[in-house]
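Structure assessment
So you can see what is in the structure, the chains are spelled out below.
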Amino acid sequence: MGAIESAARAGTRVDIDTVSVDAYTIPTDRPESDGTLEWSATTLVVVHVSAGGVRGFGYTYADRAAATLIAGKLAPLLQRQDAHDIPARWSDMARELRNVGVPGLGAMAMSALDTALWDAKAKRFGVPLATLLGRARQDIAVYGSGGFTSYSDDELCDQLGEWAESGMRFVKMKVGRDAHADARRVRAAARAIGTTELFVDANGAYTRKQALAQADSFAANGVSWFEEPVSSDDLEGLRLLRDRAPAGMAIAAGEYGSTPWYFERMLDTVDVLQADATRCGGISGFLGVDPLCDAQGLPLSSHCAPSLHLPLMCAARRGVHLEHFHDHVRIESMLFDGFQHPANGLLRPGERPGLGVEFKARDAERFRC
Ligand SMILES: [Mg+2]
């Protein structure tokens, strides 16, 4: 069969046969905390969608409750529907979740399924997802992200220093648990990474006035990115920081966004918009954020889940960098066959059809929850 015939065959209607969901809780390698939360494990919710002889894989980092929502409400809805018409499936899922609520957990459940549908579609066409979406660039810069507030100064400097040495142009650490300790930790980290740019993330821990003071102190150590200096719900506070932070320091937020309305409201409050495809409706949801950034002239940076964001950040025209988050890198390198490690600070999608990674169910069994 010729290529055109095979593409035409792949493009015909194909029913969804089965939808399965599993959840796993993976302990962290060390206790972890940021400015507002402490944790010792991460839950991964994995879905598989079978259609037309291929098996699509999708995932989200969420509570186990997302798996309950998928099994009880969304999986029965998708069965025997056309796997290729993803916008229709997306609208069906959003409608089904109306009374439960799409923002938050509902959108995380939708994200995993949407991703699995896109993975299946790309596999059905026999092309990498980046090819199906179309590339805006061949590779994407990554930034190492960790530097938890639970780390000693030595642990912090070792982790950030290793990423800088590997060729990453940016690295990120957590701040916000103790304003006095932050000044010391940021100074130490800046010394450890040389000319690599230092990003900080307060996870909404500071008040507006604290954040303004910290912005000046961090800028003196060359910090070029201040993420969630105040709560992401305080849009006026974010705007205040954006307008008054020192020149050369970007204010960023957006990681909790579920819906287009959330991102639309955030456009006029930040210098760089962040989005997370495991939370904002999967690949379809994330691709809806890119044109919003375009309309406002904002850069777009992806949050966590590096395997999922690799093809997306090569497709997003406003994409600037991808977060190489310690926890998720550890989980995905252990449980995703085909996981890619950055080379000289860059990631480039491979040639495998679909997302490019497959879930190693047998290796994950011991983490089942
Ligand atoms: Mg963050």
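Residues numbered from 1 in each chain as written. Predicted model: local features only at pLDDT ≥ 70, side-chain atom pairs only at ≥ 80, totals over all residues.

For the rest of this paragraph, the subject is the packing of helix α8 (residues 208–219) against helix α9 (residues 235–244). Axis angle and axis distance: for two packed helices, these are the angle between their axes and the distance between the axes, and together they describe the pair. Close contact between α8 and α9 brings their axes to 10 Å; oriented N to C, the two are set at 25 degrees. Relative to α9, the element α8 is oriented roughly parallel. As α8 runs across α9, the sense of the crossing is right-handed. Residues R208, A211, L212 and A215 of α8 lie in contact with α9, whose contacting residues are G237, L240, L241 and R244. Of the residues in the contact of α8 with α9, the class split is five nonpolar, one polar and two charged. (Axes fitted to C-alpha atoms, helices over the stretch in contact; angles between N-to-C directions. Helix = DSSP H or I, 4+ residues; strand = E, 2+ residues; numbered from the N terminus. Parallel < 35°, antiparallel > 145°, perpendicular 65-115°, else oblique. Left-handed = near helix turned anticlockwise from the far one by under 90°. Contact = placed C-beta atoms within 7 Å. Nonpolar A, V, L, I, M, F, W, Y, C, P; charged D, E, K, R; others polar.)

This part takes up unusual backbone geometry. One non-glycine residue with positive phi stands out, namely N203, at about 45 degrees. Within the secondary structure, N203 is located in the loop between β6 (197–201) and α8. The phi angle at N344 is positive, at roughly 50 degrees, despite the residue not being glycine. Within the secondary structure layout, N344 lies in the loop between β12 (336–337) and β13 (346–347). With 10 C-beta atoms packed within 10 Å, N344 lands in the exposed category. (Buried ≥ 20, exposed ≤ 12 C-beta atoms within 10 Å, placed from the backbone.)

Moving on, we get to the pairing of strand β11 (residues 319–325). Within β11, six of the seven residues are buried, which leaves the element mostly enclosed by the surrounding structure. Note: strand β4 (residues 140–145) against β11, five bridges, orientation parallel. Pairing of A141 across the sheet is with H321, part of β11. Note that strand β10 (residues 300–302) and β11 share three bridges and pair parallel. (Pairing = 2+ DSSP bridges.)

Of all five residues that make up strand β5 (residues 170–174), five are buried, and the element is covered over most of its length. Alternating residues of β5 divide into F170, K172 and K174 and V171 and M173, and every residue in both groups is buried. In this structure, β4 lies alongside β5, joined through three bridges in parallel fashion. If you follow G144 over to β5, its bridge partner there is V171. As paired strands, β5 and β6 are joined by five bridges and run parallel to one another. When the bridges of β6 are listed, K172 appears paired with F199. Read as a crossover between parallel neighbours, the route from β5 over helix α7 (residues 179–193) to β6 is right-handed. (Right-handed = clockwise from strand over helix to strand, strands pointing away.)

As summarised here, the arrangement of the three strands in space is β1-β2-β3, forming an open sheet in which the pairing is antiparallel. Edge positions in the sheet fall to β1 (16–33) and β3 (54–61), since each has one partner strand and no second. The sheet shows a mean angle of 20 degrees between the axes of neighbouring strands, taken without regard to direction. Docked against the sheet, helix α4 (residues 105–125) engages β2 (38–51) and β3, running at close to 150 degrees with respect to β3.

As a packed pair, helix α6 (residues 153–165) and α7 sit with axes 8 Å apart at the nearest point and diverge in direction by 35 degrees. Crossing geometry of α6 relative to α7 is assigned as right-handed. When α6 is examined against α7, the residues D153, L156, C157, L160, G161 and A164 are found in contact with a partner set consisting of R185, A188, A189, A192 and I193. A breakdown of the residues in the contact of α6 with α7 according to their chemical character gives eight nonpolar, one polar and two charged.

Often, the extent of an interface is quoted as the loss of accessible area upon association of its parts. Domains assigned within the protein are domain 1 (3–126) and domain 2 (131–358). Averaged C-alpha coordinates put domain 1 and domain 2 at centres separated by 24 Å. In this complex, domain 1 contributes 36 residues to the contact, which on the side of domain 2 involves 35 residues. Looking at which element gives the most residues to the side of domain 1 that touches domain 2, the answer is α4, with twelve residues. Considering only residue class, the side of domain 1 that touches domain 2 consists of 18 nonpolar, eleven polar and seven charged. (Domains from an automatic or database assignment.)

Another aspect to go through is the environment of F226. Inspection of the secondary structure puts F226 in strand β7 (residues 223–227). The buried category is assigned to F226, around which 27 C-beta atoms lie within 10 Å. Along the chain, F226 and D271 lie 45 residues apart, while their C-alpha atoms are 9.9 Å from each other. Among residues more than four places away in sequence, those in contact with F226 are V200, A215, F218, A245, M249 and I251.

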